[in-house]
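Each chain, written out:
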Amino acid sequence: MQITVTVNGDEHTADVEPRLLLVHFLRDTLGLTGTHWGCDTSNCGVCVVWLDGTPVKSCTVLAVMADGRTVRTVEGLADGATLDPVQQGFVQCHGLQCGFCTPGMMMTARWLLDRNPDPSENEIREAISGQACRCTGYENIVRSVQWAAVNKS
């Protein structure tokens, strides 16, 4: 099937297998490897991207479901060489750790801060609760999001 998807502002048209997952379309077809592929069962959340402005686990979305829609990945967070405050917060507060969960955490954090610019610690923890950090470094991730909330661009 031919699909056309706008990813990080750029329109892409490709022929895909009907059962191709969005995470594989992004990584393998478009070469956007910032989105990680983890559990394939929607449990870990490392594959979170935005689909029409809503965070989704891209291992549970078929690429054909994104046809005609807009996708934002972690590569779309920075504005050129200027990091998004969420990215800068992860650097400042050591939220990166091994980095496997980082893209999904950042996409969820940006979504949260766009809707709630001053979230409480509990609201941050609830927002990222669908994602697993295999380093168990949630404290630094929460601090990173709090840093981004205070240091808005």
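Look above for the structure.
Residues numbered from 1 in each chain as written. Predicted model: local features only at pLDDT ≥ 70, side-chain atom pairs only at ≥ 80, totals over all residues. Heavy atoms only, no water.

**Student:** Go over the overall build of the protein chain with me, naming the residues and quoting the values.
**Tutor:** A tally of regular secondary structure across the protein chain gives 5 helices and 5 strands. Counting from the amino terminus, helix and strand elements in the protein chain follow one another as β-β-α-β-β-β-α-α-α-α. Here the C-alpha coordinates of the protein chain stretch approximately 45 × 30 × 25 Å along the principal axes. Entry remark: accessible area of the protein chain is about 7500 Å², with carbon and sulfur atoms responsible for 48%. (Helix = DSSP H or I, 4+ residues; strand = E, 2+ residues; numbered from the N terminus. Areas by Shrake-Rupley, 256 points an atom, 1.4 Å probe, with all protein chains shown as cover.)

**Student:** I'd like a rundown of the packing of aromatic side chains, residues and numbers included.
**Tutor:** Going through the model one piece at a time under the given rule, you end up with 0 aromatic pairs. Over the aromatic face of Trp50 sits the side chain of Arg72, whose NZ or CZ is 4.8 Å from the ring centroid. (Phe/Tyr/Trp six-rings, centres within 6.5 Å; stacked < 30°, edge-to-face > 60°. Lys NZ or Arg CZ within 6 Å of the ring centre and 35° of its normal.)

**Student:** Please provide a residue-by-residue account of the nonpolar core, values included.
**Tutor:** The biggest cluster of nonpolar side chains holds 23 residues, and the ones touching the most others in it are Val86, Phe90, Met105 and Ile141. When residues of this core are traced back to their parent elements, those giving at least two are strand S3 (48–51), helix H2 (85–92), helix H3 (102–115) and helix H5 (138–150). Each of domain 1 (2–76) and domain 2 (85–151) contributes no fewer than three residues to this core. With near-sequence residues (within four places) excluded, Val86 lies in contact with Met106, Ala109, Arg110, Leu113 and Ala148. With 16 residues, the next largest nonpolar core counts Val5, Ala14, Leu51 and Val56 among its residues. (Core = buried A, V, L, I, M, F, W, Y, C linked by side-chain atoms within 4.5 Å. Buried < 20%, exposed > 50% of the residue type's maximum accessible area, 1.4 Å probe, protein only. Domains from an automatic or database assignment. Contact = heavy atoms within 4.5 Å.)

**Student:** With reference to specific residues and values, describe the pairing of strand S1 (residues 2–7).
**Tutor:** Going residue by residue along S1, you find Ile3, Val5 and Val7 tucked away on one face and Gln2, Thr4 and Thr6 left uncovered on the opposite face. Sheet topology places S1 next to strand S2 (residues 10–15); 6 bridges connect them, and they run antiparallel. When the sheet's bridge partners are listed, Thr4 is paired in S2 with Thr13. Counted between consecutive antiparallel strands, the loop separating S1 from S2 contains 2 residues, among which Asn8 sits at a positive phi close to 50°. Bridge count for S1 against strand S5 (residues 70–72) is 2 bridges, and the pairing is parallel. Note that in S5 the partner of Thr6 across the bridge is Thr70. (Pairing = 2+ DSSP bridges.)

**Student:** I'd love a proper account of the side chain of Gln87, names of residues and values included.
**Tutor:** The topology assignment puts Gln87 in helix H2. The contact partners of Gln87, leaving out residues within four places of it in the chain, are Val74, Leu77, Ala78 and Met106.

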